[in-house]
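Now for the letters of each chain:
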Amino acid sequence: MTTLVAVGAQWGDEGKGKLVDWLAPQAQIVVRFHGGNNAGHTLVVEGEQTVLHVVPAGVLNPGTVNLIGPGVVVDPEILLSEISTLEERGVLRDPSRVRLSGRAHVILDWHLALDKAREEAARKRAIGTTGRGIGPAYEDKVTRRGIRVADLLDPDRLRGAIDRLADQKNFELVEYYKWQPVDRDELYRKAVEWGKRLGPYVDHVTRILDGALREGKNILFEGAQGTFLDIDHGTYPYVTSSNCVAGAVCAGAGIGPTRIDRVLGITKAYTTRVGGGPFPTEETGETGEKLRDVGAEFGATTGRPRRCGWLDAVMLREGAAVNGFSALAINKLDVLSGFDEIQIATAYRLDGKLTDDFPMTLSEIERAEPVYEVLPGWSENIRECRRFEDLPQNARDYVERVESLVNVPVEILSVGPGRDETIARDQPFRPV
Ligand code: IMP
């Protein structure tokens, strides 16, 4: 039995979906533990593309049970539409393969409206959220007035909960932001319907997890977003509203820290970011454009072009510290084919001084200038490589340089979007 946590080491979009889908055949259980449908995982299986936002990426693998933990915020419309699509495609035939925690909080119409209204009002200082209502939903959770999935199954309780929220939410929407109010009766009708349709999927996820641990199953925890979007450890306030680091698994899924075996940090071979906020290694010229074009760097959730730049070892070292990476997976190594030279930030220059550490405050991160090491590139197409030894020498040197800069072994390399376009140097689900 192994429990493996896979988390993003950068600002999200590291290709976690592909990795989780590749790892899933070795896991009996795949778990989402935080975030919501701000995440978007594009999976390519047998040439067919599937984008999942809420359902864990293990669903495409028959026999895997997929859990949505209490730490997730769920937009019922989105979850139900993903379930319908998966049913229509014959991927999901048995509801027992997707289990939704009754304790997960629900994203409601006014969360979506408030997310958009606040972003619009913030103008230049906007976070650049995905507009999916994530922040406002977590806000109601933390202020203890949120509506949980289990409430959808109890129409009487639901009516009171919606009424209690409605006055406050509509007041903010109408009086402060000058937006349209949400019709509480219509929302109530919709919510009762969601409850009926989601009912067969609702379960006590934490208990299922405990049973699976006792039975010695392999369990994969699928992180969303990334370390630097974490509400505590990221580039606050340009972050999401949940904890994205590996430790969040414990609270968000309901598992003790003593039961986590391995943590896999997932990074791209370069860096991207969507939305606002500092990005020390961002390339705004030709290099950035080339990375965006070759890497098809457009958001899976919002379609927004991603900001692109070189790999930042300072960030990865910080990621290793806060997540305790057992190993790294480097995605999209193939995108770097064809660059004459490849750069890696090894340190920052901050106010004239060199530092190896990721700065603490936003203004320091904004002032940090990356110090680069330049490595020779390679021109070969590497998508056919299946063993580390098959890679061109310069690609191997690049990977080994990342290992030594971050001081974490690189266990997996992805050389293309397909499930088989993967190089495994070791077995991630090995017992420790
Ligand atoms: P929110 O999570 O929608 O509130 O957005 C907050 C910030 O996190 C914005 O900069 C988003 O672009 C970013 N973000 C949220 N989810 C993802 C993701 O899955 N990948 C990349 N960026 C994300």
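Residues numbered from 1 in each chain as written. Predicted model: local features only at pLDDT ≥ 70, side-chain atom pairs only at ≥ 80, totals over all residues. Heavy atoms only, no water.

Moving on to the overall build of the protein. Looking only at helices and strands, the protein has 13 helices and 20 strands in total. Over its C-alpha atoms the protein spans a radius of gyration of 22 Å, differing by no more than 12% from the 22 Å that the globule rule assigns to 432 residues. Expressed along its principal axes, the backbone C-alpha trace of the protein runs to roughly 65 × 50 × 40 Å. In the protein, buried positions account for 55% of the 432 residues. A sequence separation of at least 24 residues applies to 76% of the contacts in the protein between residues at least 6 apart. A total of about 17800 Å² of accessible surface is found on the protein, and carbon and sulfur atoms cover 47% of it. Here the protein holds 53 positive side-chain charges and 64 negative ones, and the gap between their average locations is 4 Å. (Helix = DSSP H or I, 4+ residues; strand = E, 2+ residues; numbered from the N terminus. Rg over C-alpha atoms; globule rule 2.2 N^0.38 Å. Buried < 20%, exposed > 50% of the residue type's maximum accessible area, 1.4 Å probe, protein only. Contact = heavy atoms within 4.5 Å. Areas by Shrake-Rupley, 256 points an atom, 1.4 Å probe, with all protein chains shown as cover. Lys, Arg positive; Asp, Glu negative; His and termini not counted. Charge placed at Lys NZ, Arg CZ, Asp CG, Glu CD.)

The next point concerns the site of the ligand. Around the ligand there are 15 residues in total, and Asp13, Asn38, Thr130, Thr240 and Arg304 lie nearest to it. The separation between an oxygen atom of the ligand and a polar side-chain atom of Asn38 is 2.9 Å. Between the ligand and the protein, one listed contact pairs an oxygen atom with a side-chain N or O atom of Thr130 at 2.6 Å. Here the ligand loses 96% of its free accessible area of 460 Å² to cover by the protein chains. (Near = heavy atom within 4 Å. Polar contact = N/O pair within 3.5 Å; in protein donor to acceptor, adjacent residues only side chain to side chain.)

Turning next to the domain arrangement of the protein. One can read the domain layout of the protein as domain 1 (3–93 + 204–424) and domain 2 (105–200). Distance from the C-alpha centre of domain 1 to the C-alpha centre of domain 2: 29 Å. The partner domain 2 presents 21 residues to the 27 residues of domain 1 that form the contact. At the boundary of domain 1 with domain 2, total buried surface from both sides reaches about 1900 Å², with 60% on carbon and sulfur atoms. Of all residues in domain 1, Val73, Pro76 and Leu80 bury the most surface against domain 2, accounting for 29% of the area lost on that side. In this structure, the connection of domain 1 to domain 2 is made through zero salt bridges. Across the contact surface, domain 1 and domain 2 share eight residue pairs in polar contact (both at pLDDT 80 or more). For the side of domain 1 that touches domain 2, the secondary structure elements donating two or more residues are β6 (73–74) and α2 (76–88). Here the element with the most residues in the side of domain 1 that touches domain 2 is α2; it accounts for five residues. (Domains from an automatic or database assignment. Buried area = accessible area lost by both parts, 1.4 Å probe. Salt bridge = Lys/Arg side-chain N within 4 Å of Asp/Glu carboxyl O.)

On to the nonpolar core. Residues Leu23, Leu79, Leu100, Trp110 and Leu220 are the most contacted members of the largest nonpolar core, which totals 59 residues. Looking at which domains feed residues into this core, each of domain 1 (3–93 + 204–424) and domain 2 (105–200) gives three or more. (Core = buried A, V, L, I, M, F, W, Y, C linked by side-chain atoms within 4.5 Å.)

Moving on: unusual backbone geometry. In this chain, Tyr236 is followed by Pro237 through a cis amide linkage whose omega measures 5°. Positive phi, normally seen in glycine, also occurs at Asp351, with a value near 50°. Relative to the helices and strands, Asp351 is located in the loop between β16 (341–350) and β17 (353–355). Residue classification places Asp351 among the exposed positions, given a relative accessible area of 53%. Positive phi, normally seen in glycine, also occurs at Asn407, with a value near 65°. As for its placement among the helices and strands, Asn407 is situated in the loop between α13 (393–406) and β19 (410–414).

Between helix α11 (residues 313–323) and α13, the shortest axis-to-axis distance is 9 Å and the interhelical angle comes to 55°. With respect to α13, the element α11 is oriented oblique. In the crossing of α11 with α13, the sense of the turn from one axis to the other is right-handed. Across the interface between the two elements, Ala313, Leu316, Arg317 and Ala320 from α11 touch Val402, Leu405 and Val406 from α13. (Axes fitted to C-alpha atoms, helices over the stretch in contact; angles between N-to-C directions. Parallel < 35°, antiparallel > 145°, perpendicular 65-115°, else oblique. Left-handed = near helix turned anticlockwise from the far one by under 90°.)

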